[in-house]
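Take a look at the letters that make up each chain.
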Amino acid sequence: MTSLYTPSLMEVVEVRRQTADVKSVRIRFQDEALRENFSFRVGQFGMFSAFGVGESTFNICSSSDWKGFIEFCFRKTGRVTEALWRVDAGDIIGFRGPYGNGYPMEAWEGKDLIFIGGGIAMPPIRCAIWYAIENRAKFGDITVVYGARTTRDQVFADELDDWAKRERVRVVRCVDPGGETPEWTGEVGLIPHVLERSNVPASNAVALVIGPPIMIKFTLPVLEKMGIPTSAIYTSIENRMKCGIGKCGRCNCGPVYVCKDGPVFSLEQLAALPMDY
Ligand SMILES: Cc1cc2nc3c(=O)[nH]c(=O)nc-3n(C[C@H](O)[C@H](O)[C@H](O)COP(=O)(O)OP(=O)(O)OC[C@H]3O[C@@H](n4cnc5c(N)ncnc54)[C@H](O)[C@@H]3O)c2cc1C
Ligand code: FES
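It should be emphasised that the depicted structure is a prediction, and the values quoted were computed from it without experimental measurement.

Basis of the calculations
- Residues numbered from 1 in each chain as written.
- Chains lettered and ligands numbered in written order.
- Predicted model: local features only at pLDDT ≥ 70, side-chain atom pairs only at ≥ 80, totals over all residues.
- Heavy atoms only, no water.
- Phe/Tyr/Trp six-rings, centres within 6.5 Å; stacked < 30°, edge-to-face > 60°.
- Helix = DSSP H or I, 4+ residues; strand = E, 2+ residues; numbered from the N terminus.
- Lys NZ or Arg CZ within 6 Å of the ring centre and 35° of its normal.
- Expected span 1.5 Å × (residues − 1).
- Bend = angle between axes of the 7 residues up to and from the residue.
- Buried < 20%, exposed > 50% of the residue type's maximum accessible area, 1.4 Å probe, protein only.
- Contact = heavy atoms within 4.5 Å.
- Domains from an automatic or database assignment.
- Buried area = accessible area lost by both parts, 1.4 Å probe.
- Patch = residues over 30% accessible without salt bridge, like charges linked within 9 Å, V, L, I, M, F, W, Y side chains within 5 Å.
- Areas by Shrake-Rupley, 256 points an atom, 1.4 Å probe, with all protein chains shown as cover.
- Salt bridge = Lys/Arg side-chain N within 4 Å of Asp/Glu carboxyl O.

1. Observations concerning the packing of aromatic side chains
Right, on to step 1. Applying the stated criterion across every chain, the model contains 18 aromatic pairs.
Right, on to step 2. Ring geometry for Trp 130 against Trp 163: centres 5.8 Å apart, planes inclined by 75 degrees, an arrangement best described as edge-to-face. With Trp 130 in helix H3 (residues 122-134) and Trp 163 in helix H4 (residues 157-164), the pair connects residues that are 33 residues apart, well separated along the chain.
Right, on to step 3. Within the aromatic cluster, the residues linked to one another by ring pairs are Phe 29, Phe 38, Phe 40, Phe 48, Phe 58, Phe 72, Phe 74, Trp 85 and Phe 95.
Right, on to step 4. Sitting over the face of the ring of Trp 85, Lys 23 holds its NZ or CZ atom 4.3 Å from the ring centroid.

Structure below.
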């Protein structure tokens, strides 16, 4: 018997090692009808399970325009991610979703898009970048500012190179001071400082900023100085979740369930919540 909590069986198609402790995984539904008909919005997430161990929450990091499979990317941090670290092509894992609201991509049409991410924050941004690139005519200029602690900590580094070659896409990469190598051609500095000196046009822009709270905290004043209102600055938050569907109350934050009403909020919306951002 199936319930809301019954995961679909997913076959692992490909595993890519991104960094020492980050992997991305492509999976597809075993059930052919589900494989054909599954759809989601970029910015939504799912509950991914290693059988016998448990479930973890990850963003779906592939574009919603890609059919036949989905991808997720995770950092090895604990029990479930340790188990998922061991899966390989041909293995079966579980998936429930898609959950959450996703990014309001339709509302962003006609705008310049500024994507700002730090470290493991690339997966939830990557899906939106691919979506915008593949629906190029709907959006203005695209700027990606991506920071990692060291050159070795960059996630989806090959795709950053690819995006930089695209029409009206600018990619600004940075590593923390001391994290560079002699070959490094990107910026050295923390994301807020690099953003500040990058002269990104912002008069008609929407910004998506995802990363550790400290990074967001110091990036916000820069975005405000650039003239972007808090109603046009978005983030995706990672409150602990259990059910993912508004039943257990685990992710609750004031009047909202982050799993159902979020995880994507504008900074204007977050300002009304009892949250330290
Ligand atoms: C909406 C959403 C999207 C997410 N997307 C991604 C993603 O794309 N990639 C990714 O790597 N991670 C993502 N996360 C975080 C991820 O869910 C947790 O890191 C993961 O569940 C840890 O599972 P575990 O069993 O391996 O670790 P556990 O054994 O449960 O915990 C290991 C350590 O991580 C901490 N931890 C666990 N969950 C969280 C959390 N939600 N926030 C902060 N610290 C936590 C624990 O306190 C502990 O210190 C997301 C979380 C949410 C809510
Ligand atoms: S995770 Fe259960 S209510 Fe949000």
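After that view, the rundown keeps rolling.
2. Examining helix H6 (residues 213-225)
Right, on to step 1. Taking 1.5 Å per residue, 13 residues should reach 18 Å; H6 reaches 19 Å between its end C-alpha atoms and fits that length.
Right, on to step 2. Along H6, the helix axis deviates most sharply at Thr 219, where the bend reaches about 25 degrees; the proline Pro 221 sits within four residues downstream.
Right, on to step 3. Within the sequence span of H6, burial applies to Met 215, Ile 216, Thr 219, Leu 220, Val 222 and Leu 223.
Right, on to step 4. Elements that come into contact with the buried residues of H6 comprise strand S7 (112-118), helix H5 (191-196), strand S11 (205-210), strand S12 (233-236) and helix H8 (267-271).

3. Topic: the domain arrangement of the protein
Right, on to step 1. Domain boundaries assigned for the protein yield domain 1 (8-99), domain 2 (113-219) and domain 3 (237-277).
Right, on to step 2. Using C-alpha coordinates to define each centre, domain 1 is positioned 22 Å away from domain 3.
Right, on to step 3. Facing the seven residues of domain 1 at the interface are eight residues of domain 3.
Right, on to step 4. In total, about 530 Å² of surface goes out of reach between domain 1 and domain 3, with carbon and sulfur atoms giving 60% of it.

4. Concerning a nonpolar patch on the surface
Right, on to step 1. Together, Leu 9, Phe 51 and Ile 92 make up an exposed nonpolar region whose accessible area comes to about 260 Å².
Right, on to step 2. Tracing the sequence through the fold places Leu 9 in strand S1 (residues 8-19).
Right, on to step 3. Judged by its relative accessible area of 42%, Leu 9 is partly exposed.

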